[in-house]
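Overview (structure and organization)
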Amino acid sequence: MFDTFVRRVLKPAAFLACLLPLSRLVAGAFGFGGVSLGANPAEEILETLGKWTLNFLLITLCVTPARELTGLAPLLRLRRMLGLFAFTYAALHFTTYLVLDQELDLAGVLEDVAKRPYITIGFAALLMLIPLAATSTNAMMRRLGRRWQKLHRLVYVIAVLGVWHYYWQVKADVREPLIYAGILALLLGYRAWRAWRKRQARHRQAGAGHALQSGLPAVPARRPQAS
Amino acid sequence: MRKTGKNDPRPSEITPEAVYLNRRTLIAGAVAAGLLPSTGWAESGPTGPQLRHTRNAPLSTTETPNSWEDITTYNNYFEFGTEKADPAVNARAFRAQPWTVTVSGEAEVRGRFTLEDILKAHALEERIYRLRCVERWSMVIPWIGFPLGDFIRRFKPTSRARFVEFTTLHDPKRMPGQRYPVLEWPYREGLRMDEAMHPLAILGVGLYGRVLPNQSGAPLRLVVPWKYGMKSIKAIVKIAFTEKQPRNTWNVAIPDEYGFYMNVNPNVDHPRWSQARERRIGAGLFNEMQPTLMFNGYADQVASLYRGMDLAKYY
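Read on for an overview of the structure. (Residues numbered from 1 in each chain as written. Chains lettered and ligands numbered in written order. Predicted model: local features only at pLDDT ≥ 70, side-chain atom pairs only at ≥ 80, totals over all residues.)

1. Details of the interface of chain B and chain A
With 23 residues of chain B at the contact, the number on the chain A side is 16 residues. Residue composition of the side of chain B that touches chain A, by class: 12 nonpolar, 5 polar and 6 charged. (Contact = placed C-beta atoms within 7 Å. Nonpolar A, V, L, I, M, F, W, Y, C, P; charged D, E, K, R; others polar.)

2. Examining the sheet that holds strand S11 (residues 236-242) of chain B
Residue and element names in this part refer to chain B. If you trace the 5 strands from one edge of the open sheet to the other, you get S3-S2-S11-S6-S7, paired in mixed fashion. Two strands in the sheet have a free side with no partner beyond their single neighbour: strand S3 (111-114) and strand S7 (188-192). Strand-to-strand twist of the sheet, defined as the mean angle between neighbouring strand axes without regard to direction, takes the value 20°. Sheet topology note: the strand S2 (residues 100-105)/S11 ladder contains 4 bridges and is parallel. If you follow Val 103 over to S11, its bridge partner there is Ile 239. (Pairing = 2+ DSSP bridges. Helix = DSSP H or I, 4+ residues; strand = E, 2+ residues; numbered from the N terminus. Axes fitted to C-alpha atoms, helices over the stretch in contact; angles between N-to-C directions.)

3. Re the pairing of strand S12 (residues 277-280) of chain B
Residue and element names in this part refer to chain B. Where strand S5 (residues 137-147) lies against S12, 2 bridges are found, and the strand directions are parallel. Within S12, the residue paired with Ser 138 across the bridge is Arg 280. Taken together, the 3 bridges between S12 and strand S13 (residues 289-291) define a ladder with antiparallel strand orientation. Across the sheet, residue Arg 277 finds its bridge partner in S13, namely Pro 291.

4. With respect to the packing of helix H1 (residues 2-30) of chain A against helix H3 (residues 77-101) of chain A
Residue and element names in this part refer to chain A. For the pair H1 and H3, interaxial distance at closest approach is 10 Å and the crossing angle is 15°. The angle between the axes of H1 and H3 places the two elements in the roughly parallel class. The handedness of the crossing between H1 and H3 comes out as right-handed. Between H1 and H3, the contacting residues are Val 6, Arg 7, Lys 11, Ala 14, Phe 15 and Cys 18 on the first element and Arg 77, Leu 78, Met 81 and Phe 85 on the second. Split by residue class, the contact of H1 with H3 holds 7 nonpolar, no polar and 3 charged. (Parallel < 35°, antiparallel > 145°, perpendicular 65-115°, else oblique. Left-handed = near helix turned anticlockwise from the far one by under 90°.)

5. Some thoughts on unusual backbone geometry
Residue and element names in this part refer to chain B. Between Gln 97 and Pro 98 the backbone carries a cis peptide bond, its omega angle lying at -5°. By secondary structure assignment, the location of Pro 98 is in the loop between helix H3 (86-90) and S2. Of note, the amide linkage connecting Ala 218 to Pro 219 takes the cis form, showing an omega dihedral of -5°. With respect to the helices and strands, the residue Pro 219 is situated in the loop between strand S9 (210-211) and strand S10 (221-223). The backbone of Ala 235 shows a phi angle near 50°, a positive value even though the residue is not glycine. Tracing the backbone shows Ala 235 in the loop between S10 and S11. The class for Ala 235 is buried, based on 28 C-beta atoms found within 10 Å. Here Met 262, not a glycine, exhibits a phi torsion of approximately 50°, which is positive. (Buried ≥ 20, exposed ≤ 12 C-beta atoms within 10 Å, placed from the backbone.)

Written out as structure tokens, the structure is:
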């Protein structure tokens, strides 16, 4: 029941909601609907796309904990979509920088990537998102098997680099980047705690003398979840 | 009062404000002509009490000024919040009167003066200046003010006065941004005496022929157009003549990024970004980037102040 609800109602609605920040920027850029991007629309566009990249990264990282804490497995159907939106907003953020800031000067971009550390890590995070986006299909998940899970753990590195990129870019007011860092710390901390708990459970089972020599994990292997 | 000179533009040559072309005016005009649906934008024009002034064409640029809307809604004024849109909102309740300025230090005349006392002795001029922020955006702004040099001469600084130091109001009750230590309050800036005496340096009291709005640094601010905008300190309450180079707030905050001189210089990068180009506000989304000019285009007038100085070292 809930699964049908997620597939037919929640996911489409979420898809539309994810488009809202982008539509606001498009509206503002063309002056529709009374939306104003202020005196420096290029800066507003770049910043909004960047912040929503981070927002979607963090929201994506919330899905698994939400699933585990509520037991509602169908929530996992949203994760891939949210992750791909993070990639989309990141790509648009970079494109805005390339077009409106660097005016398609690729040499200028490479110089920035080489000389400005915050751009180095931002660019690295973007590059890392590409294999994740490319392997997001069901076919890819089947092909990669266990390796898919390992590859997609890169999202933790990407999220850290993304928040750091924001922190380093800000002129002086670090409050917002620190809030993002705090939320990220919670989300990563949850996973660290969960991994530690699993290891504890395995040791307890090993103590009771189960199956350890063969190298089989005591907990059944989890196959990558289809979304 | 400066008499009209032969270089002043004829009244017929002076473009009225209403005709300054900008994106929003064009769209508003199209709306009025029924060509575009109304977007609900209220393009605000200059408001506030008018200031009698003369035009100073020789010291003004002929570039089109940015709109009142852009100039008064896009402000770096952390005393009222760290987002560009914050000061226009958070400074609404700020009362810029009554206002006193304390003049102190190495000068024969010192004391506390009301703003009225200070302004009595000076005829106001319009100076249309470029303003370049260190963050790589720029505007053209029609200031109303008077030469800082004229002000300084009244106080007869001694030979020990090698610098002029300026301090902003420090009152977190009236300036809510000061409740958070994003910078060391109060904001402080300084100029070398020869920079302060330069004809381009003005004390600003108005904008577009009106009294300075709160978010633009009311009621008294500095405008030094050949330096990055941070040097043009706002809401001045103290002016001191000093022997030693004054602390300036951004240099205290991040010394390897912001120095004392902060001359606009496309050849000296900010550690985190290049300064070779800038974004001119209001030029249209795809037309905005343009080369940054040495000393913000005032090299002819000010380069001699820095002859022989290593501008990469003294940034």
